[in-house]
Structure formats: C-alpha cells, structure tokens
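# Commentary on secondary and tertiary structure
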Amino acid sequence: MARKKGIITTSEAADSRETAIKVGSEVKQKFKDLIPHRIDNNTVILIHAHQDHAAQINRFLQKLERDRLNY
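Here is what the cut-offs are and how they apply
Residues numbered from 1 in each chain as written. Predicted model: local features only at pLDDT ≥ 70, side-chain atom pairs only at ≥ 80, totals over all residues. Heavy atoms only, no water. Helix = DSSP H or I, 4+ residues; strand = E, 2+ residues; numbered from the N terminus. Rg over C-alpha atoms; globule rule 2.2 N^0.38 Å. Buried < 20%, exposed > 50% of the residue type's maximum accessible area, 1.4 Å probe, protein only. Contact = heavy atoms within 4.5 Å. Areas by Shrake-Rupley, 256 points an atom, 1.4 Å probe, with all protein chains shown as cover. Lys, Arg positive; Asp, Glu negative; His and termini not counted. Charge placed at Lys NZ, Arg CZ, Asp CG, Glu CD. Pairing = 2+ DSSP bridges. Expected span 1.5 Å × (residues − 1). Polar contact = N/O pair within 3.5 Å; in protein donor to acceptor, adjacent residues only side chain to side chain. Patch = residues over 30% accessible without salt bridge, like charges linked within 9 Å, V, L, I, M, F, W, Y side chains within 5 Å. Salt bridge = Lys/Arg side-chain N within 4 Å of Asp/Glu carboxyl O.

### Re the overall build of the chain
Within the chain, the regular secondary structure consists of two helices and two strands. Tracing the chain from N to C terminus, the helices and strands come up as α-β-β-α. In terms of overall dimensions, the chain is more spread out than a globule: its C-alpha atoms have a radius of gyration of 20 Å, far above the 11 Å expected for 71 residues. The principal-axis extents of the C-alpha atoms in the chain amount to approximately 55 × 35 × 20 Å. Out of the 71 residues in the chain, the part that is buried amounts to 7%. Sequence separation of at least 24 residues holds for 0% of the intrachain contacts in the chain that already meet a minimum separation of 6. Here the chain displays about 6,700 Å² of accessible surface, and carbon together with sulfur accounts for 55% of that area. Side-chain charges of the chain comprise 13 positive and 9 negative groups, with the mean position of each set lying 4 Å from the other.

Given below as structure tokens:
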C-alpha cells in the first residue's frame, strides 16, 4: 500500500527522531577536535586542534587556488 504524501504516523516520527539522535551523536564525535579559523570575511574553515595550524591553512589555500584555476 502506498504511503500518503504529507502524512506521517507516530511510529514513523519516533523512528525519524531516533535516527536523527544517532546521526547527531556520530557527527558530534567527528567534529569534536575541530576548531574554526577565519581566512577572510567570507571564509571560515575547520582545522584540527592538535595539528600544525599553518600547514592546514596553507593546504586549504592551495586547494582553493587549484579549484579556481580549474574554472
């Protein structure tokens, strides 16, 4: 039987909520050791707190320049 569009049952809502909680906790673990670093007014990157900051920033800027040259 096809599901009606726009209608969600209580059990589906509970399943969706549980899935969102699981995904949220996984994402929180992956981003735990990252800190934001502002490159300019429009660009903020996340860098690892326990690695060399300058190397990570230079790697990002090199990637950005390569991408710009490919356009």
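### Regarding the pairing of strand 1 (residues 34-38)
With five bridges connecting them, strand 1 and strand 2 (residues 44-48) associate as antiparallel partners. When the bridges of strand 2 are listed, isoleucine 35 appears paired with isoleucine 47.

### Some details on the environment of phenylalanine 31
Tracing the backbone through its elements, the reader meets phenylalanine 31 in the loop between helix 1 (10-30) and strand 1. Using a relative accessible area of 45% as the deciding quantity, one classes phenylalanine 31 as partly exposed.

### Describing helix 2 (residues 53-70)
In this model helix 2 runs 26 Å from its N-terminal to its C-terminal C-alpha over 18 residues, within 8% of the 26 Å that 1.5 Å per residue would give. You can read the cap of helix 2 off the contacts: a side-chain oxygen lies 3.5 Å from the backbone nitrogen of alanine 55, and it is on aspartate 52.

### Some thoughts on a nonpolar patch on the surface
Judged by side-chain polarity, Val23, Val27, Phe31 and Leu46 come together as a nonpolar surface patch covering roughly 340 Å² of accessible area. Tracing the backbone through its elements, the reader meets valine 23 in helix 1.

### Re the pairing of strand 2
The side chains of a regular strand alternate, first on one face of the sheet and then on the other. Judged by which residues are buried, strand 2 turns out to be one-sided: Ile45 and Ile47 face inward and are buried, whereas Val44, Leu46 and His48, on the alternate face, are not. Between strand 1 and strand 2, which follow one another and run antiparallel, lie five residues.

### Quick word on the side chain of glutamine 56
In this structure, glutamine 56 sits in helix 2. If we skip the residues at most four places from it in the chain, glutamine 56 touches Ile47, His48 and Gln51.

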